[in-house]
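Working through the structure, step by step
Listed below are the residues making up each chain.
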Amino acid sequence: MTAKQSSLLEQADARESLIEATEVHKTYDTGKLTVQALKGVSLHIQRGEIVAIMGPSGCGKTTLLNCLSGLDSVSSGIVQIAGQDIRGFSDRELTAFRAHEMGFVFQTYNLLPVLTGLENVELPLLVSGVSSREARVRARASIERVGLLDWARHRPAEMSGGQRQRFAIARALATMPSIVWADEPTGALDSTTSQEIIDLMLDLNREHGLTFVWVTHAMEVARQAHRLVTMRDGLIENDRSFKAETSVPLAMETPPLSSRGQESRQSYD
Ligand code: ADP
Ligand code: MG
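Let us look at the structure shown here. Keep in mind that this is a model prediction, so the values were computed, not measured. (Residues numbered from 1 in each chain as written. Chains lettered and ligands numbered in written order. Predicted model: local features only at pLDDT ≥ 70, side-chain atom pairs only at ≥ 80, totals over all residues.)

1. Describing the site of ligand 1
Taken together, Y28, T30, V35, A37, G55, S57, G58, C59, G60, K61, T62 and T63 are the residues near ligand 1. When contributions to the shell around ligand 1 are tallied by element, the ones reaching two or more residues are strand 2 (34–46) and helix 2 (61–68). Residue contributions to the shell around ligand 1 peak at 3 residues, all from helix 2. Grouping the amino acids of the shell around ligand 1 by side-chain chemistry returns 4 nonpolar, 7 polar and 1 charged. (Near = placed C-beta within 6 Å. Helix = DSSP H or I, 4+ residues; strand = E, 2+ residues; numbered from the N terminus. Nonpolar A, V, L, I, M, F, W, Y, C, P; charged D, E, K, R; others polar.)

2. Structural notes on the nonpolar core
Membership of the largest hydrophobic core comes to 65 residues, with the highest contact counts inside it found for A52, I53, V213 and W214. In terms of residues, this core owes the most to one element, helix 6 (residues 161–173), which gives 6 residues. (Core = buried A, V, L, I, M, F, W, Y, C linked by C-beta atoms within 7 Å. Buried ≥ 20, exposed ≤ 12 C-beta atoms within 10 Å, placed from the backbone.)

3. Considering helix 4 (residues 117–127)
Among all positions of helix 4, only G117, L118, N120, V121, E122, P124 and L125 are buried. Turning to helix 4, the residues buried within the fold contact helix 3 (91–101), helix 5 (132–145) and helix 6. At the C-terminal side of helix 4, G129 shows a positive phi close to 95°. (Contact = placed C-beta atoms within 7 Å.)

Right under this line is the structure:
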């Protein structure tokens, strides 16, 4: 990581927005057809938040994730990450920044079939320049966090959907990012497995302050986020924070007294 990148992260304290998008427009021009996928989206995401994004197919959810994470460039508007306009990064700096600071989870897991679970998790570490020895140690720690060390030597084809998604989450966590972007993370899972994956992400948020953005079609998933942003036709239609009593999942309804005040301050401001 360069000095610029690490100082950039130090600037972002708990009260600062991790992601600030202002009037973001994105137009795809395919030659024949011009699609205005984002028509002026402004969105701030605080460190430690879980934001759910919902909306009909084609309304621009994936485009928004790609633009906010710097995977794709915007047509106009500003995207700031940790207070820094990403247009100030070179392509190389942005790629390195994403590799260190962002994790990605997809509906179809996107694990490489020829690699074992462990090797899949090691990959982003190796790509970001970590030694192979260190990558192994950190990948195992990450797999332990999702509870699947026994499956580390298996290939994705031998695993259930839920296990694959856990490995994908372990891969997203391996570089210890600030934010994980999850595009339909439970879209291919049955409801029980889906809830296990959501519980895992909720735990990671509580224990490590990890910020999550979940694109989802499922209200039972979205209601467990701290905040729900709904999109329609390239615009944000509604953006609301949940009150503690509606967003706290059943298992959390009676936290120990000592943690209650802290819990509500952290999550629902
Ligand atoms: P969602 O994720 O909400 O289903 P998308 O962000 O994928 O929506 O797409 C928003 C709009 O942009 C759609 O009309 C889609 O067809 C269009 N679009 C998305 N990606 C591209 C692309 N690479 N080239 C052209 N059009 C695209
Ligand atoms: Mg999409």
